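Here's the letter readout for the chains.
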Amino acid sequence: MNIFVVNSGSSSIKYQLFRWPAEQPVCSGLVERIGSEQATIRHKVFDPQAPEGNPPTEQFHTLPLPDHEVGLREVVRLLTEQPGGVIQDPGEIAVVGHRVVHGGEVFAATALITEEVKAEIKRLFVLVPLHNPANYLGIEVAERLFIHAQQVAVFDTAFHQTMPEYAYRYALPTALYEEQRLRKYGFHGTSHQFVAAQAATYLSQPDARLITIHLGNGCSMAAVRGGRSLDTTMGFGPLGGLVMGTRSGDIDPSVLLHLQGQLGYSAEQVSTLLNKQSGMLGLAGSNDMRDIGQALAVGDARATLAYDLYCYRIRQYIGAYTATLNGLDAIVFTAGVGENDAMVRARVCQDMEFFGLQLDEVKNQERAPGLRDLSGPDSKVRILVIPTSEELEIARQCAQLLANE
Ligand code: AMP
């Protein structure tokens, strides 16, 4: 069976095709700058016979793509035409799994897409105007292009629906929760769920108390026990919690009141400030940790502060979530920064003896694929790096849903 995973953004589509039940990735790609004359498609095909670590064959195209429909049609062409074709006909795709950012309180699990499910995803547009409309568009286009496939929605918020009410409620008037659903939802659920499951298997401890630390462009942490999310750092939207590439993370709401009340910012300007101009970009002038690492190496003061602030916030949440979990068995680093930036990991684990963390500095510097255990000999808590794959987790959830039908 072929499972095709689609992550449709406002001007991009990320995709990956898996053969099931082998969980074998067949090809993946990224369409960018949809809506422009100079859109691009990067299409990678994996050779199942090649040894692990061998690079896939890659095609790169620049072409005009007026909208998502034309973009996905081009992807279908790449999937079916030689060179690089991996199927004969779109009808060979049995399932299309869609990443949907917000599932609200309705979706605590993956859902087969029906007209009612689509209507609910649409109702949630108001909560995430930057994300759900783009996800919805991807669903509509895929329904037209893969007419024989089952369409499935996998929600970024669903994993966190297990949080207790005292963790997800804000201390605002009750009516704002009851009437407007103002509460913490949390995001990156697919990634937290994927790495938490692997960590529990590695530890042979289904009931493991884990803190999963997803550090990519967006950053979040989750307290997970027995495979259930008990708390997470992002909230009503994806702005809360950790310092991110361009997003602020936690901030005293009084700052926003001051920006609007005294400094004349409009709501839209505040949104742009917090989403696109803050975080590491705002502090150090770049949203890429590789640039900041280089600036840090030559003693740049702004990069030093940004690094310190970024890691300090993570350490604070390790403390908080150790309390949430009443103990700790492992922390798990994942995503672009978490998997690659040894210096961030070292700073996060520094001076954390009280919490039982002792990092093996040599292992921390080594590069290797797959799960890595960086715990030193005296570490009471395991320190793990687990590469995330939101696409594989989406495909797994699709397969599980259909198996239970
Ligand atoms: P993701 O959202 O998981 O794709 O992560 C993207 C981010 O990972 C980029 O913005 C970089 O800051 C970071 N990143 C990727 N590779 C490295 C690396 N080798 N060292 C440090 N950071 C990295």
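- The name given to the chain in an unreviewed UniProt entry is Acetate kinase, and the organism recorded there is Hymenobacter arizonensis.
- As recorded by UniProt, the Pathway (unreviewed entry) comment attached to the chain reads in full: "Metabolic intermediate biosynthesis; acetyl-CoA biosynthesis; acetyl-CoA from acetate: step 1/2."
- Recorded in UniProt under Catalytic activity (unreviewed entry), the annotation for the chain is "acetate + ATP = acetyl phosphate + ADP".

**Focus on the sheet that holds strand E14 (residues 382-385)**
Okay, so step 1: Ordered in space as E11-E10-E9-E12-E14-E13, the six strands form an open sheet in which the pairing is mixed. In the strand order of this sheet, the two ends are held by strand E11 (228-232) and strand E13 (372-373), each with one partner.
Okay, so step 2: Of the strands in this sheet, strand E9 (209-215), strand E10 (219-225), strand E12 (330-334), E13 and E14 are in contact with helix H6 (residues 189-203), which crosses E9 at around 135°.
Okay, so step 3: Along the sheet, helix H11 (residues 301-325) makes contact with E9, E10, E11 and E12, crossing E10 at roughly 20°.

**Some points on the pairing of E14**
Okay, so step 1: The pairing of E12 with E14 spans four bridges and is parallel. Counterpart to valine 332 in the pairing with E14 is leucine 384.
Okay, so step 2: Bridge count between E13 and E14: two bridges; the pairing is antiparallel. When the bridges of E14 are listed, arginine 372 appears paired with valine 385.

**A closer look at the nonpolar core**
Okay, so step 1: Formed by 43 residues in total, the largest nonpolar core has its most connected members in Leu215, Tyr310, Ile318 and Ile331.
Okay, so step 2: If you list the elements that add at least two residues to this core, you get E9, E10, helix H9 (279-284), helix H10 (289-297), H11, E12, helix H13 (342-349) and E14.
Okay, so step 3: The element best represented in this core is H11, accounting for ten residues.
Okay, so step 4: Each residue touching tyrosine 310, except ones within four places of it in the same chain, is listed here: Leu215, Cys219, Val243, Met280, Met289, Val337 and Val344.
Okay, so step 5: Core analysis: the second largest hydrophobic core is formed by 28 residues, Val6, Tyr15, Val45 and Phe146 among them.

Basis of the calculations
Residues numbered from 1 in each chain as written. Predicted model: local features only at pLDDT ≥ 70, side-chain atom pairs only at ≥ 80, totals over all residues. Heavy atoms only, no water. UniProt positions renumbered as here; feature names shortened; annotations may be inferred. Pairing = 2+ DSSP bridges. Helix = DSSP H or I, 4+ residues; strand = E, 2+ residues; numbered from the N terminus. Contact = heavy atoms within 4.5 Å. Axes fitted to C-alpha atoms, helices over the stretch in contact; angles between N-to-C directions. Core = buried A, V, L, I, M, F, W, Y, C linked by side-chain atoms within 4.5 Å. Buried < 20%, exposed > 50% of the residue type's maximum accessible area, 1.4 Å probe, protein only.

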